[in-house]
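An overview of the molecular structure
Spelled out from the first residue to the last, the chains are:
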Amino acid sequence: MPLKSKDVLGLKEMEPSEIELVLDTAASMRDILGRTIKKVPTLRGRTVVTLFYEASTRTRASFELAAKYLSADTISVTAATSSVQKGETLKDTARTLEVMGADVVVMRHPASGACHFLASRVRASVVNGGDGTHEHPTQALLDMFTIRRHKGRLKGLVVAIVGDIYHSRVARSNIIGLVKMGAEVRVAGPATLLPPCLEELGARAYSRVEPALEGADVVMALRLQLERQQRGLFPSTREYARLYGIDRNRLSLARPDALLMHPGPMNRGVEVCSYVADGPASVIEEQVTNGVAVRMALLYLLLGGGGDGS
Amino acid sequence: MTFREKAEILDADGIRRALVRVAHEVVERNKGGEGLVLVGIRRRGVPLAARLASILKEIEGLEVPLGILDITLYRDDLASRRDQPTVHSTRVPFDIEGKRVVLVDDVLYTGRTVRAALDALMDLGRPECIQLAVLIDRGHRELPIRADYVGKNLPTSRKELVRVRLTETDGEDRVVIEEPEAG
Amino acid sequence: MSRSDRGFVVAGGTVVDPASGVLGPADVLISEGRVRAVGGGLSRDGLPVLDVSGRLVLPGLVDIHVHLREPGEEWKEDIASGTRAAAAGGFVAVAAMANTRPPIDSAAAVSFVLDRARSAGPVRVYPVGAVTKGQKGEELAEMGDMRQAGAVAFSDDGQPIRSAEMMRCALQYAGMLGVPVISHCQDPDLSAGGLMNLGLTSTRLGLRGIPTQAEEVMVYRDLALCALTGSRVHIAHVSAADSVEVLRRARARGVNATAEATPHHLILTDRAVEESRFDAATRVDPPLRSEADRRALAAALQEGVIDCIATDHAPHHRDDKEVEFAYAASGISGLETALPLIYTHLVVPGALELGRAVACLTEGPARVLGLPHGTLAPGASADLVVVDVEREMAVDPMEFYSRGKNTPFAGWRLRGWPVLTLIGGAVAYHRPGWLKLPEWLEPAGGLGLAGRVAAPA
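Residues numbered from 1 in each chain as written. Chains lettered and ligands numbered in written order. Predicted model: local features only at pLDDT ≥ 70, side-chain atom pairs only at ≥ 80, totals over all residues. Heavy atoms only, no water.

**A look at the overall build of chain A**
Counted only if it meets this: Here a helix means four or more residues in a row that DSSP labels H or I, a strand means two or more in a row labelled E, and each is numbered from the N terminus. Based on C-alpha atoms, the radius of gyration is set beside the globule rule, defined as 2.2 Å times the residue count to the power 0.38. Note on definitions: a residue-residue contact is assigned when non-hydrogen atoms from the two residues lie within 4.5 Å. For the accessible areas, the method is Shrake-Rupley and the probe is 1.4 Å, while residue cover comes only from the protein chains on display. By the counting rule applied here, Lys and Arg register as positive and Asp and Glu as negative, while His and the ends of each chain are not counted. Just so you know, the charge point we use is NZ for Lys, CZ for Arg, CG for Asp and CD for Glu.
Looking only at helices and strands, chain A has 12 helices and nine strands in total. Here the C-alpha radius of gyration of chain A, 19 Å, is about what a compact globule of 310 residues would show, namely 19 Å. Once the C-alpha set of chain A is aligned to its principal axes, its extents read approximately 55 × 50 × 35 Å. Within chain A, contacts between residues separated by at least 24 positions form 73% of all contacts whose residues are at least 6 apart in sequence. In the structure as shown, chain A presents an accessible area of about 11800 Å², 50% of it carried by carbon and sulfur atoms. Each charge class in chain A can be summarised by its mean position, and for the 39 positive and 33 negative side chains these summaries are 3 Å apart.

Here it is, written out as structure tokens:
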């Protein structure tokens, strides 16, 4: 089997060799994106359902493009959910998808672990498109793909992730994935936005951003969820920008060839200043393209491809 | 199921002679080789295409562009197989628009690989024509496909296995036919 | 007059009755629903004999923390199904928490529970009244009336009492009535939105964590108020090592406090959430803690800093649990697994001595609420449980008498299963096929032997 599991629920569940396989396959997929005819017939007759319980533009569009480039049929379902059970339960939705014969279900959901719940109830492959504050594995894979494309490797690189680590599924997946692949991961953010036990996950935590950026090969800024301010986790976006925003001075602490990344959408002037977001170090737009390639690779591998032998 | 060798079909010399003959036929058919490109199908079509290119250079002084085609994404048996090959890159570093493309593969059998290769090529552009060169044609076609150049025609049974071993991929030049071990 | 009216002897077992200091092979002579003697060779007088060779004989177990869900949430559990589950778990008396719908916050509601319990079966149900009206934490409920109607303690369990002033008044008032306040200690702000223990696992799973300090600060507050008022507080479901330390220091100073721990906090840790891949069966309030906390709880039980084991039996319908972790109801259906869990996972590995374990399930809880249970001393009601410690059986929630099939222990292979529960010398529960019952042994009154209640589909 190319991937051990029928699902992609998180990087915690993936072996380093599986991550390598996804990244290698994504490299071949990326070639297709450069062609005039961006379509291969690989997944003809297969159905990919995107089931989104949270607003998202890029992740959903990225998955749908990936599916279409591989000639799969796509259905998108937008659903509302809450703890007071408006609408259908996830258990019933799972049954419906099962009966509809979906081959892959890409789900985004506000509750951590919701993809695990779904995966245990459907035969289809479940791809986690972001679950609560848990994981966002495809984002981390595309980030790793982007880094590897520029640096040729992941092992030994210093990657600094800056922002709301506590609530970021992007940070969580990147920490887990990058540590697995042998990178040195540093995270920086206000103490109120750092969860406990980060060291045990293999990341070094900093509450000041400068030492975290020192000599970094990659600087990843996270989107600051502005509603955290109301919960009292930081005083103001102004102060946040002053203390943690990535600007030219801070970026200059990193290696001269450092990459600047952001999972998007950006709050310009808050977590990242426009000069660096649009500057030469930025690979933010490329991340979007690579996202499609990585998701194509995952769809291909989940639907039977990728083992060795011929 | 295990297989054992039944007979050697070609040795290194035999392979070389077959390729030289194919090269001559290619030149002849394409009136000197204007607009000619070679595209090898992964895996063993690739070294065979490279050898044809160097033979063409030797005998006619032709510089024929060389491409590599990975047909994994065009297979029609993804759903039924559990051991799909890894997707490798397609490397066709030239425009095939209006070119005379010679597809190269080691064994022509059901025709499905060639069908996939034709689709893959078409997605890269619109060549003037596509021709097919194979080292071995073992019969049992499932699609209306035939080769333009054949190194050796080899009648086989469906139970048998034709193994092409090339120095570049397998450390030796040899074509053998294998049959299932009894019992 | 049937044979057993003359009395009978439960013979050949090993009696463990910490309250009267008996631990060893002994017979139990029972007549007219009471224990008459415990000792060797009681079966020689020609009385009928119930042979329990090779089994343990314990006083009937007491659980001072169960949620029976009636009135208002009968699809989760009712008093009949809950007391049947209790008997099947070896329990002869339970204290029913007040957070029903509506809450038990009036004498009428207390009487309702008692009436339902009497008609349901032989297991004694002791109602716990609400501390505040509607359990809203705003005004004291009519505790005096409820006490007269039969409430044995007061609690807003399910919710902490946010206001320290309200807690002070509740303690003073309950103290005047001679009963404790049972406190669910969890700072509501520190735990707001929390889904599991704060720590490495919560960080990994991205589930909002609840620090142990949310419990510790409230335990500290309640013990301080206990010292202030001279009244008694009982700390429900202690989950954290830090809370144990606070409790230990307060008790050393003579603060009038007692405490309980649940089987799940004594056996599971927050790793269970990860290992079960977000299974909502592991969602419980307070949350499952770390291994260090778990060990501290077991040590505190052995040492006596924690007085008793209580299940916090919290049955839920599958629809409340088969949802995303964050949306699931908290709680574990615990009555029917408590004894084998404690036996297999604490007594057998040596974390808790057998005598202490039994004390924590019998005289310990009985003493906390002043209930007339928990011993096989002559004169006591003949409430006992016969336990098979040899035969191993896997937990199968579908076999529960409780309507709540919610347990993280499904499939666990355990020993120490109750095979017979007697209440007043009559059979309240018998595990078929595990012990041969003589014909003359009578079923207990009420619906005690009625069949298993299937969960509504």
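Moving on from the model shown.
**With respect to the overall build of chain C**
Our working rule: Buried residues are those whose accessible area, probed at 1.4 Å on protein chains only, stays under 20% of the maximum for their type, while exposed residues exceed 50% and partly exposed ones sit between those limits.
A count of helical and extended segments in chain C gives 14 helices and 22 strands. The C-alpha atoms of chain C give a radius of gyration of 21 Å, which matches the 23 Å a tight globule of 457 residues would have. Seen along its three principal axes, the alpha-carbon backbone of chain C occupies a region of about 65 × 45 × 45 Å. Taken over 457 residues, chain C has a buried fraction of 63%. Residue pairs in contact within chain C that sit at least 24 positions apart in sequence constitute 75% of those at least 6 positions apart. A total accessible area of about 15700 Å² is found for chain C, and carbon and sulfur atoms account for 50% of it. Charge centroids of chain C, computed over 44 positive and 54 negative side chains, lie 2 Å from each other.

**Quick word on the sheet that holds strand β6 (residues 149–153) of chain B**
Residue and element names in this part refer to chain B. Spelled out, the test is: Strands qualify as paired when DSSP identifies two bridges or more between them. Axes, fitted as lines to C-alpha atoms, cover a helix only where it is in contact. Angles between the N-to-C directions of the axes lie from 0 to 180 degrees.
Within the open sheet, the five strands sit side by side as β3-β2-β4-β5-β6. Their pairing is parallel. Two strands lie at the open edges of the sheet, namely β3 (66–69) and β6, each paired on one side alone. Averaged over all pairs of adjacent strands, the angle between strand axes in this sheet comes to 25 degrees, irrespective of strand direction. Across the sheet, helix α3 (residues 112–122) lies against β2 (36–41), β3, β4 (100–108) and β5 (129–137), angled at about 155 degrees from β4, the strand it touches most.

**Structural notes on the interface of chain A and chain C**
The condition that has to hold: Once two parts are brought into contact, the accessible area they lose, counted with a 1.4 Å probe and summed over both, makes up the buried area. Salt bridges, as used here, are contacts in which a Lys or Arg side-chain nitrogen is within 4 Å of a carboxyl oxygen on Asp or Glu. Nitrogen and oxygen atoms within 3.5 Å of one another constitute a polar contact, given that in protein one can donate a hydrogen and the other can accept it, and given that sequence-neighbouring residues count only through two side-chain atoms. Amino acids are sorted into nonpolar (Ala, Val, Leu, Ile, Met, Phe, Trp, Tyr, Cys and Pro), charged (Asp, Glu, Lys and Arg) and polar (every other residue, Gly among them).
Opposite the 30 residues of chain A that make contact, chain C presents 21 residues. Overall, the association of chain A and chain C removes approximately 2100 Å² of surface from exposure, summing both partners, and the carbon and sulfur fraction of that is 56%. Sorting the residues of chain A by area buried against chain C places K12(A), K91(A) and S112(A) first, and these three jointly supply 19% of that buried surface. The tally of links from chain A across to chain C stands at four salt bridges. Seen at the junction of chain A and chain C, the total is seven residue pairs in polar contact (both at pLDDT 80 or more). It is helix α4 (residues 114–119) of chain A that provides the largest number of residues to the side of chain A that touches chain C, a total of three residues. Across the side of chain A that touches chain C, the residue classes tally to 12 nonpolar, 11 polar and seven charged.

**Describing the packing of aromatic side chains**
All names here are of chain A. Selection criterion: In summary, the pairing rule links any two rings of Phe, Tyr or Trp, Trp by its six-membered ring, whose centres are within 6.5 Å, and it sorts them by plane angle into stacked for under 30 degrees, edge-to-face for over 60 and tilted for everything else. Here, a charge over a ring is recorded when the distance from Lys NZ or Arg CZ to the ring centre is within 6 Å and its angle to the ring normal is within 35 degrees.
The tally for this structure, following the rule as stated, stands at five aromatic pairs over all chains. Pairing F234 with Y240 gives two aromatic rings, centres 5.9 Å apart and planes at 55 degrees, and the pair type is tilted. Among the aromatic residues, ring-to-ring pairing joins F234, Y240 and Y244 into one connected group. Sitting over the face of the ring of Y275, R248 holds its NZ or CZ atom 4.2 Å from the ring centroid.

**Comments concerning the side chain of T132(C)**
Residue and element names in this part refer to chain C. With respect to the element layout, T132 can be found in the loop between β10 (124–129) and α3 (143–149). Its relative accessible area of 0% is what places T132 among the buried residues. Within polar-contact distance, the side chain of T132 engages the backbone nitrogen of K136 at 3.3 Å. A polar contact is formed between the side chain of T132 and the side chain of D156, at a distance of 2.6 Å. Dropping the residues within four chain positions of it, T132 is found in contact with D105, G137, E138, E139, L140, A141, D156 and M166.

**A look at the side chain of T133(A)**
Residue position: T133(A) is located in the loop between β4 (125–131) and α5 (137–151). There is a polar contact of 2.4 Å between the side chain of T133(A) and the backbone oxygen of G206(C). With sequence-adjacent residues up to four places away left out, T133(A) is seen in contact with S112(A), Y166(A), H167(A), R169(A), R172(A), G206(C) and L207(C).

**Some remarks on helix α2 (residues 58–69) of chain A**
Each full turn of the α-helix corresponds to 3.6 residues, which orients residues three or four apart in the same direction. We count it as follows: Take the number of residues in a helix, subtract one, and multiply by 1.5 Å to get its expected span.
Spanning 12 residues, α2(A) covers 16 Å between terminal C-alpha atoms, matching the ideal 16 Å at 1.5 Å per step. The first or second residue beyond α2(A) is S71(A), which carries a positive phi of 70 degrees.

**Regarding the nonpolar core**
How we decide: We define the nonpolar core as a collection of buried residues of types Ala, Val, Leu, Ile, Met, Phe, Trp, Tyr and Cys that are connected through side-chain atoms lying within 4.5 Å of one another. Here the limits of each domain have been adopted from an automatic or database domain assignment.
Counting residues in each nonpolar core, the largest one holds 138 residues, and the members touching the most others are V10(C), L266(C) and I306(C). A total of seven residues in this core trace back to one element, the largest contributor, which is helix α12 (residues 338–347) of chain C. Both domain 1 (3–57 + 380–446) and domain 2 (60–369) of chain C contribute no fewer than three residues apiece to this core. Excluding residues within four positions of it along the chain, L266(C) makes contact with A261(C), R294(C), L297(C), A298(C), L301(C), I309(C), I342(C) and L346(C). In this structure, L33(A), L303(A), V87(B) and A117(B) belong to the second largest nonpolar core, which totals 90 residues.

**What to know about the pattern of salt bridges**
Evaluated as defined, the whole model comprises 65 salt bridges over all chains. R121(A) serves as the salt-bridge partner of E322(C), at 3.9 Å between the closest nitrogen and oxygen. With E322(C) in the loop between α11 (318–321) and α12 and R121(A) in the loop between α4 and β4, this pair bridges two chains. Of the residues examined, E322(C) reaches a relative accessible area of 18% and is grouped as buried. A salt bridge links E160(B) to K6(B); its shortest N-O distance comes to 2.5 Å. On the criterion of sequence distance, the pair formed by E160(B) in the loop between β6 and β7 (161–165) and K6(B) in strand β1 (residues 3–10) is long-range, its members being 154 residues apart. Residue classification places K6(B) among the partly exposed residues on the basis of a relative accessible area of 46%. The network of salt bridges with common partners includes K12(A), R204(C), R271(C), E274(C) and E275(C).

**Quick word on the sheet that holds strand β2 (residues 73–78) of chain A**
Residue and element names in this part refer to chain A. The four strands are arranged β2-β1-β3-β4 in an open sheet whose pairing can be described as parallel. Here the strands that pair on one side only, and so sit at the sheet edges, are β2 and β4. With strand direction ignored, the average angle separating the axes of adjacent strands in the sheet is 15 degrees. Relative to strand β3 (residues 104–109), strand β1 (residues 47–52) is paired through five bridges, and the arrangement is parallel. If you follow T50 over to β3, its bridge partner there is V106.

**Let's talk about the domain arrangement of chain C**
Residue and element names in this part refer to chain C. Annotation of chain C at the domain level lists domain 1 (3–57 + 380–446) and domain 2 (60–369). Centre-to-centre, using C-alpha coordinates, domain 1 lies 27 Å away from domain 2. For the domain 1 and domain 2 pair, buried surface summed over both sides reaches about 3200 Å², with 70% attributable to carbon and sulfur atoms. Among the residues of domain 1 in contact with domain 2, R403, N406 and F409 are the three that bury the most area, contributing 21% of the side total. The shortest N-O distance in the salt bridge between D78 and R403 comes to 3.0 Å. Where the side of domain 1 that touches domain 2 is concerned, the elements lending two or more residues are β18 (384–388), β20 (413–414), β21 (417–423) and β22 (426–430). In terms of residue count, the dominant contributor to the side of domain 1 that touches domain 2 is β21 (five residues). Here the residues of the side of domain 1 that touches domain 2 sort into 23 nonpolar, eight polar and seven charged.

**Here we look at the environment of V37(B)**
Along the chain, the position of V37(B) falls in strand β2. Residues V37(B) and P65(B), 28 residues apart in the sequence, show an inter-C-alpha distance of 5.1 Å.

**Concerning unusual backbone geometry**
That bond from R42(B) to R43(B) is cis: its omega, 0 degrees, falls within 30 degrees of zero. Residue P71(C) is bonded to the preceding E70(C) through a cis peptide linkage, with omega at 5 degrees. Along the polypeptide, P71(C) turns up in the loop between β8 (61–66) and α1 (79–88). We note that H140(B) has phi near 65 degrees; this positive angle belongs to a residue other than glycine. Phi at F278(C) takes a positive value of approximately 70 degrees, unusual for a residue other than glycine. Structurally, the position occupied by F278(C) is in the loop between α9 (271–275) and α10 (291–303). Judged by its relative accessible area of 5%, F278(C) is buried.

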